[in-house]
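Chains, contacts and geometry: an overview
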There are 12 protein chains.
Amino acid sequence: MHMDIINGPNLHLLGKRIPAIYGAISFDVFFHQLKKKFTYIDFSYFQSNIEGKLVDQLHKISLKEHPQQGIILNAGAYTHTSIALADAVQSISIPVVDVHISNLYTREPYRKINRIAPYCQGSIIGFGLSSYTLAVYALLSFFSEKMSK
Amino acid sequence: MHMDIINGPNLHLLGKRIPAIYGAISFDVFFHQLKKKFTYIDFSYFQSNIEGKLVDQLHKISLKEHPQQGIILNAGAYTHTSIALADAVQSISIPVVDVHISNLYTREPYRKINRIAPYCQGSIIGFGLSSYTLAVYALLSFFSEKMSK
Amino acid sequence: MHMDIINGPNLHLLGKRIPAIYGAISFDVFFHQLKKKFTYIDFSYFQSNIEGKLVDQLHKISLKEHPQQGIILNAGAYTHTSIALADAVQSISIPVVDVHISNLYTREPYRKINRIAPYCQGSIIGFGLSSYTLAVYALLSFFSEKMSK
Amino acid sequence: MHMDIINGPNLHLLGKRIPAIYGAISFDVFFHQLKKKFTYIDFSYFQSNIEGKLVDQLHKISLKEHPQQGIILNAGAYTHTSIALADAVQSISIPVVDVHISNLYTREPYRKINRIAPYCQGSIIGFGLSSYTLAVYALLSFFSEKMSK
Amino acid sequence: MHMDIINGPNLHLLGKRIPAIYGAISFDVFFHQLKKKFTYIDFSYFQSNIEGKLVDQLHKISLKEHPQQGIILNAGAYTHTSIALADAVQSISIPVVDVHISNLYTREPYRKINRIAPYCQGSIIGFGLSSYTLAVYALLSFFSEKMSK
Amino acid sequence: MHMDIINGPNLHLLGKRIPAIYGAISFDVFFHQLKKKFTYIDFSYFQSNIEGKLVDQLHKISLKEHPQQGIILNAGAYTHTSIALADAVQSISIPVVDVHISNLYTREPYRKINRIAPYCQGSIIGFGLSSYTLAVYALLSFFSEKMSK
Amino acid sequence: MHMDIINGPNLHLLGKRIPAIYGAISFDVFFHQLKKKFTYIDFSYFQSNIEGKLVDQLHKISLKEHPQQGIILNAGAYTHTSIALADAVQSISIPVVDVHISNLYTREPYRKINRIAPYCQGSIIGFGLSSYTLAVYALLSFFSEKMSK
Amino acid sequence: MHMDIINGPNLHLLGKRIPAIYGAISFDVFFHQLKKKFTYIDFSYFQSNIEGKLVDQLHKISLKEHPQQGIILNAGAYTHTSIALADAVQSISIPVVDVHISNLYTREPYRKINRIAPYCQGSIIGFGLSSYTLAVYALLSFFSEKMSK
Amino acid sequence: MHMDIINGPNLHLLGKRIPAIYGAISFDVFFHQLKKKFTYIDFSYFQSNIEGKLVDQLHKISLKEHPQQGIILNAGAYTHTSIALADAVQSISIPVVDVHISNLYTREPYRKINRIAPYCQGSIIGFGLSSYTLAVYALLSFFSEKMSK
Amino acid sequence: MHMDIINGPNLHLLGKRIPAIYGAISFDVFFHQLKKKFTYIDFSYFQSNIEGKLVDQLHKISLKEHPQQGIILNAGAYTHTSIALADAVQSISIPVVDVHISNLYTREPYRKINRIAPYCQGSIIGFGLSSYTLAVYALLSFFSEKMSK
Amino acid sequence: MHMDIINGPNLHLLGKRIPAIYGAISFDVFFHQLKKKFTYIDFSYFQSNIEGKLVDQLHKISLKEHPQQGIILNAGAYTHTSIALADAVQSISIPVVDVHISNLYTREPYRKINRIAPYCQGSIIGFGLSSYTLAVYALLSFFSEKMSK
Amino acid sequence: MHMDIINGPNLHLLGKRIPAIYGAISFDVFFHQLKKKFTYIDFSYFQSNIEGKLVDQLHKISLKEHPQQGIILNAGAYTHTSIALADAVQSISIPVVDVHISNLYTREPYRKINRIAPYCQGSIIGFGLSSYTLAVYALLSFFSEKMSK
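What you are looking at is a predicted structure, and each value in this text was computed from that prediction instead of being measured. Residue numbers restart at each chain and count upward from 1, following the sequence in its written direction. Chains and ligands are labelled sequentially in the order written, the chains with letters from A and the ligands with numbers from 1. Under the rules for a predicted model, residues below a pLDDT of 70 receive no local features and side-chain atom pairs below 80 are neither given nor counted, while totals for whole chains, interfaces and linings still include all residues. Excluding hydrogens and water, the side-chain values take into account all heavy atoms of the structure.

1. Things to note about the relation of the copies chain B and chain A
Note the threshold: What sets the superposition is a least-squares fit of C-alpha atoms, and only residues with pLDDT of at least 70 in both copies go into it. Throughout, a contact is declared for two residues whenever any of their heavy atoms are within 4.5 Å.
Here chain B sits on chain A after a turn of 180° about the axis and a move of 0.0 Å along it, with an RMSD of 0.0 Å. Both copies are brought into coincidence by an operation consistent with a two-fold rotation axis. Among all residues of chain B, the minimum C-alpha distance to the rotation axis is found for B:I124, at 2.3 Å. Both copies present the same face, since 100% of the interface residues in chain B are matched by interface residues at the equivalent positions in chain A.

2. A short note on the interface of chain B and chain A
Selection rule: Buried area counts how much accessible surface, traced with a 1.4 Å probe, disappears from two parts once they are put together, with both parts' losses summed. In the sections that follow, a salt bridge refers to a side-chain nitrogen of Lys or Arg positioned within 4 Å of a carboxyl oxygen of Asp or Glu. We call two N or O atoms a polar contact when they sit within 3.5 Å, provided that within protein one can donate a hydrogen and the other can accept it, with sequence-adjacent residues counted only if both atoms are side-chain atoms. Helix and strand assignments follow DSSP, with helices taken as H or I runs no shorter than four residues and strands as E runs no shorter than two, numbered in order from the N terminus. When residue character is reported, Ala, Val, Leu, Ile, Met, Phe, Trp, Tyr, Cys and Pro are called nonpolar, Asp, Glu, Lys and Arg charged, and the others, Gly included, polar.
Taken together, the contact pairs 21 residues of chain B with 21 residues of chain A. Summing both partners gives a buried area of about 1,800 Å² for chain B against chain A, and 59% of it is carried by carbon and sulfur. Inspection of the chain B/chain A interface yields zero salt bridges. Applying the counting rule to chain B against chain A returns 11 residue pairs in polar contact (both at pLDDT 80 or more). Top contributing element to the side of chain B that touches chain A by residue count: helix α5 (residues 130–147) of chain B, with six residues. The residue inventory of the side of chain B that touches chain A, partitioned by class, reads 11 nonpolar, nine polar and one charged.

3. Points about the packing of aromatic side chains
Note the following rule: Between rings of Phe, Tyr and Trp, where Trp is taken as its six-membered ring, a pair exists when centres lie within 6.5 Å; planes separated by under 30 degrees are stacked, by over 60 edge-to-face, and by other angles tilted. Each residue's exposure class comes from its accessible area (1.4 Å probe, protein chains only) as a fraction of the maximum for that residue type: buried when under 20%, exposed when over 50%, partly exposed otherwise. Criterion for a charge above a ring: Arg CZ or Lys NZ at most 6 Å from the ring centre, at most 35 degrees from the ring normal.
Across all of its chains, the model carries 126 aromatic pairs over all chains by this definition. Both rings, one in J:F38 and one in J:Y40, keep their centres 6.3 Å apart while their planes meet at 75°; by these two values the pair is edge-to-face. The class for J:F38 is buried, based on a relative accessible area of 3%. Aromatic pair K:F38 and K:Y137: ring centres 5.5 Å apart, planes at 80°, arrangement edge-to-face. A residue pair is termed long-range when its members are at least 10 positions apart, and K:F38 in the loop between α2 (27–37) and β2 (42–47) and K:Y137 in helix α5 (residues 130–147) qualify at 99 residues. One aromatic cluster in this structure is built from A:F27, A:F30, A:F31, A:F43, A:Y45 and A:Y132. The positively charged end of D:R115 is found above the aromatic ring belonging to G:Y110, 4.7 Å away from the centroid.

4. Some points on the packing of helix α3 (residues 51–63) of chain I against helix α4 (residues 83–91) of chain I
Residue and element names in this part refer to chain I. This is how it is decided: Helix axes are fitted only over the stretch in contact, all axes being lines through C-alpha atoms; the angle between N-to-C directions runs from 0 to 180 degrees. Just so you know how the angles are binned, under 35 degrees is roughly parallel, over 145 roughly antiparallel, 65 to 115 roughly perpendicular, and the rest oblique.
Taken N-terminus to C-terminus, the directions of α3 and α4 make an angle of 0°; their axes are 9 Å apart at the nearest point. Viewed along their axes, α3 and α4 adopt a mutual orientation that is roughly parallel. Of the residues in α4, those in contact with E51, L54, V55, L58 and H59 of α3 are A84, L85, A88, V89 and S91. Here the residues of the contact of α3 with α4 are counted per class, giving seven nonpolar, two polar and one charged.

5. As for the pattern of salt bridges
On inspection of all chains with the given rule, the structure shows 24 salt bridges over all chains. Notably, a salt bridge pairs B:R111 with B:E108, separated by 2.8 Å at the nearest N-O pair. Its relative accessible area of 4% is what places B:R111 among the buried residues. Notably, a salt bridge pairs D:D87 with G:R111, separated by 2.8 Å at the nearest N-O pair. Of this pair, D:D87 sits in helix α4 (residues 83–91) while G:R111 sits in the loop between β4 (96–100) and β5 (122–125), which puts the two residues in different chains. Of the two residues, D:D87 and G:R111, neither departs from the other in class, the shared state being buried. What emerges from the salt-bridge pattern is a single network uniting A:D87, J:E108 and J:R111.

6. Describing the interface of chain J and chain I
Each partner contributes to the interface: chain J provides 21 residues, whereas chain I provides 21 residues. Considering only the side of chain J, the residues that lose the most area to chain I are J:Y105, J:F127 and J:L134, jointly responsible for 32% of the buried surface there. One can count zero salt bridges joining chain J with chain I. The tally of links between chain J and chain I comes to 11 residue pairs in polar contact (both at pLDDT 80 or more). Mapped by element, the contributors of at least two residues to the side of chain J that touches chain I are β5 (122–125) and α5 (130–147) of chain J. Take the side of chain J that touches chain I: its biggest share by element is six residues, from α5(J). Grouping the amino acids of the side of chain J that touches chain I by side-chain chemistry returns 11 nonpolar, nine polar and one charged.

7. With respect to the side chain of E:H59
With respect to the helices and strands, the residue E:H59 is situated in helix α3 (residues 51–63). In this structure E:H59 comes out as buried when scored by relative accessible area, which is 6%. Excluding its chain neighbours within four sequence positions, the residues that come into contact with E:H59 are C:N10, C:H12, C:L13, C:N49, E:A88, E:S91 and E:I92.

8. Things to note about the sheet that holds strand β2 (residues 42–47) of chain I
Note the cut-off: Two strands pair if DSSP finds at least two bridges between them.
Here we have 10 strands laid out as an open sheet, ordered β2(I)-β1(I)-β3(I)-β4(I)-β5(I)-β5(J)-β4(J)-β3(J)-β1(J)-β2(J), and mixed in their pairing. For this open sheet the edge positions go to β2 of chain I together with β2 (42–47) of chain J, each flanked by a neighbour on one side alone. Here the strands of the sheet are splayed against their neighbours by 20° on average, with no regard to which way each runs. Pairing geometry for strand β3 (residues 69–74) of chain I and strand β4 (residues 96–100) of chain I, over three bridges, is parallel. Among the inter-strand pairings, I:I71 is bridged to a residue of β4(I), identified as I:V96. Helix-sheet contacts for α3(I) involve β1 (2–7), β2 and β3 of chain I, and the interaxial angle to β1(I) is about 175°. Each of β1, β2, β3, β4 and β5 (122–125) of chain I together with β5 of chain J is contacted by helix α5 (residues 130–148) of chain I, which is oriented at about 150° to β3(I), the strand it contacts most.

Below, the structure written as structure tokens:
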């Protein structure tokens, strides 16, 4: 079982700045904990500040052939503006979970627009870094439902 | 540890109608499975089609004194219109998780307005009945984070 | 053949107040005339000022098993705001006719929004209490068309 | 008793094309049935694809002097854009019923704008060709109410 | 002389929660003070979280026959959304004063929409619980003006 | 105790024109009555049609040093457009009550925008000249609350 | 010197209907008076309810070769919607005066949109049939200014 | 017969600057010509850059008692923003003609909003300084119509 | 192989006026060149300034039975407003290519709305009269693709 | 003669995915066919998912010196959002043709906004891969027109 | 070399109130420092709370004849609403620099509208009182560029 | 003292193209002049057409440790759309000055939206390349103010 975590712009700063919004643990530490918690899952991680490289990465992942594969995508600011990313998510057949650390509903109005979510399995918003953990559970539940069919 | 699940209008029909949108399992069956999965949690369930009764219920729950208590709220159609429910969630100090079965981003435009989410811990949208299971994990993670502080 | 007439908020006042907008005959008198005009139809009547009770009633009716059954719904002010009622109408398989006494197009702009009509057979607007009579004809015509198929 | 049925653009195609939206019976066949059903009413029929000719026709009809006279108007696409037709309906004293075959509320957003309805007796929307029959009943009920005054 | 005070959703919490917005005195204590201050007025009090019950109550009050009667209405969150309540206020002939504890102009934008005020005598906004006292003065002044005519 | 009443454009006409909207008593007569009713208050009055002179006056008043001082401001048409007046009210520390004679909610849509109210204690809208009297009570209640702290 | 008066839809009714809005004199009578008042001007008159025929007429007029020629255009309802007429006015080099009998600013909001005026010499709005007389003066003044250059 | 011409902000510059928009003749020269053309009319002229002084002036004029009196008002930039001026025009009973030198429909979008015109007799827009001359004709025609009644 | 070219309002002026926008060659000359370039295609041409006649023509063409038939439609100003034309294009089964001479994206904002394109094969915008030539190529390519299936 | 084809995000997938929207032939196969069809044209091809690299490429191309040179640009999702690409197209003097495979008018509303087209020669929308062929014809026609001047 | 500094409403309070937004130094002290820093510039200062007086002042300054002259304008709240001031700036030929003390982008949404900037050399926003110093540098740089031409 | 100048998309063309908008001097020449004018400042320069690389650069700069450090950012077209850049500016603690060469207020409406300015010290707009020089002064003044505290 393989899961790709993709983080968008400014998210390499997690745990380093603005802890009031994004929490105090660095993503590296969190990613280490996550791998320890779900040892039976093979995780990959990719971060870029460049919209087009996130598109590239989604297509690259879609070429791999894992029997069970999912993507956890926190597109950061591009969530609200990128039709290109939305098109990429729509064009691949791997399930994608849309993830956000902060509660977008309490921030600037433009953060309520979500270009990507319509093409995702679902969205998990506002639980800090636990949003990623919940996304893992969401994909696990998705795989087990598919198997029971 | 206590968790209240509150369902809003038309959600007593889960598993009975429109399976394409809301899935094929009845909420009763699902609720039974949930209680079996998390035996160490004391669950309550409340459903009403009446906006004001959902407000009443939130206040009733807020008077109980559990050391660890959370609310999983799927306000259904009232999610998009009810300032009264939003005010009620804002006025109580128990953590509330906003939950939706279907992916609201792929439906009518008015389902993108969420009056309640700004006052919740976070939102889980679009994972079928698994959205409730993920909400349980979200509350568990919230309690463990609070304890580690 | 069974027809349920459901009236929403403030419509128990018909014939009592604001005759310039809603006409001068009470709904009781009109309902009596209607039953006399269509003796071969079994009519029921329900009125509530509470949005959620109208939702409840739609679900209650949908559980009855009449070979030919229709609903005449004047949701009053909730026509313009209630997604909950719209969801309820959408979730039941009985044909519903959306009925309005006054000509909504000549009143406040917010009365031009109709949340419920998209899920109804059709709408009859502005003919005074005759709107209900026309709705009976509409359901009769719907049943006869279905039978001729 | 005289009733004029006026159909706007593209409605000469009724029963010929797009049966999924407009039904499968031609208007000629339907009009024949209607005249047979209401033998005591003198019907006229007019159709044009030209906005201004519909305006002309409304004024021509308003010059005739029938003791009891009504107009059944399906302005088709001009319903949503024509202030000229709206002005014409407003300027004549004969009662006009606004009629639509399909349920406008389930189609393109611009079909929710109705320029003409504010100056009509009322609107009948979405009952297929039966919408015209219901409009006849609506005018009959209007005349009988006027006589009883 | 009779005055009915009607409070809408979440207002049973006055004096208990969020004192920064709604003040620190409970409504019970305040209501007791109010009755002591205006001993010559017969006060009634009604609170509900249910929109339709507030509509019911307005109609119930309108059936009583007091020579001098007024209503002080704080519809809470329903102020901003309820056409049903607005219709109810419009349909009764007793003077209604629209009252708000907090200054709605400094809060969320949707609190600037007031569905009910157009059908009230006037509005008193932002003076804490004193808003109710000022509403009593407003009704007294209204009665004395009517008498001097 | 000192109170300044400031009236904006066209309000020197009170009692002289359009009695249907603004009432039939002249402001002079009313002001005389007000001073007689509250003999223990020292009232000043200022009226100007010039936006900037109203700003000047607010600053002039803010330089006086009264132990208890309040402003009753009816900015007339400038209520809906003047950011300059709003800035002036925001910049002074004397409590200001926003007052309107007519019910703004029943008039042109642009009268629902209130630039000044967010920086006032509260608003009193629609009670005719009694709105000013109620504003006096509002300031008295504000002073007595402050003293009891 | 030649002037063409062009009237759009429903304007053949002038003096016959709705005198409260359009005045009580018929256009024929008025046109006769106008010709008597300005005997040195050669007037033509054209009216159509058909948008495209008004376009045709503008092009027909533009082919005539008068040394001094002007058009007085009251496009009626098409003023607010017709890009085709606006394009036609823009494409001809004869000066056009936009004329309206009623004060459009006091009527429905959609009458504030004027598609045609940007391509006219100017607009005369709201003076009853005198609007046409003023348009004649406007063209005369335009010609005399041009001659003095 | 008396006519007051009132010019708003920046209009003292007429004939001095931006001749492309406002023409090349100074208002003084034009006013002299106007008085010579209509010797039987008693003209007054007032210009101010201050919104409130224009309001003052309208009220001052309304106190004079001329048997036949009219106002020609070019409120300049205040046309588009001033509710205070609109209220002033509405409150006086002397006929006011709204006048503009340039064609507002070809300029910035905010010049299409006209706060004042709804309360005027009519509007004359875009004929250069001739707009004032046409306004004189408009008032003359208004007086003669009133006399013939 | 048959192709109908249909031009809407003001397009009979091509090559005669406003060459800066529409080019300097008359449509007659161009049409002659086109027929010489594609001798194996049977072209028809229709132009009208009347919206309804364009609708008529589309229906007339749809009754002809050519094995390979296409329509090249430049609806001019009606492109942006005509739901009637859009309905007509939608109701016929012959492929229609939407053609525009000028680049609509550089002109007035209302020229960005295209009512007709959603029901066409595609759109060709801004290449002068060559837009028609490209439309011929587009239809040829459409026919050859269909044949190769 | 040189032509550069530039494809934006997700367009490297042509012929591989979602054939219902983008067709079944890969772009490589199509590009081969195109070069064979127009052997006298020197084609280059560039694709990137990165907005800024598309900007870079436009500037790179503009530095080359071909006597006859054109660009065929399908900016994909960036068509609807990229002011940077629009600025780049505006800043270069080589003619650019805006090309789209699918009919944008039948898809999401945000695909109707086209940032780039205002600075292009013209747009070709909705003819599948033939849109590129038509763009070649459009550039050829542009060059031949320029030469004949 | 002459520079006029013009301050709009409420700006005479600088250094006296709300130091969090407008800084702690009074404008008098700052103006003294500015004159000492740029001894070779002849500064004038004008402040008014009255929109029309600011218009007057701009015209007064434009009549002076300085070889090198510039205006530094902080129109305060009128920046966002005054078309009259914008017209005045547009009508004079002296360069005007638009200056703001606070960062308008972080305040109320209506402070993002700037009526005046389109007619200024440029804007300097958010640097506290240093904004004025930067405006002096901007004018100096403007003069030196003009001289080097 | 260190200052980083960052230029966004298309700004490497400065001095090469569209001199009417962006001026005639190349940025290289200007940058040389700037370094010569402020010899005591250590300048760096970075330009990219790629949004994400501008984000990268901001984070790279924020890792350097200069005692006095500032950023001059002209994000070009990304100013109006990039939430990612805005987030980056918000996340770093170095003062950033938002700089624009042309007067954005006189260009396309979408250039009035500024995503980045809310997180900057201030904005300098419209002074040609002098905008950068003024930004240097702004940072110098910011440092000297900080030191004097």
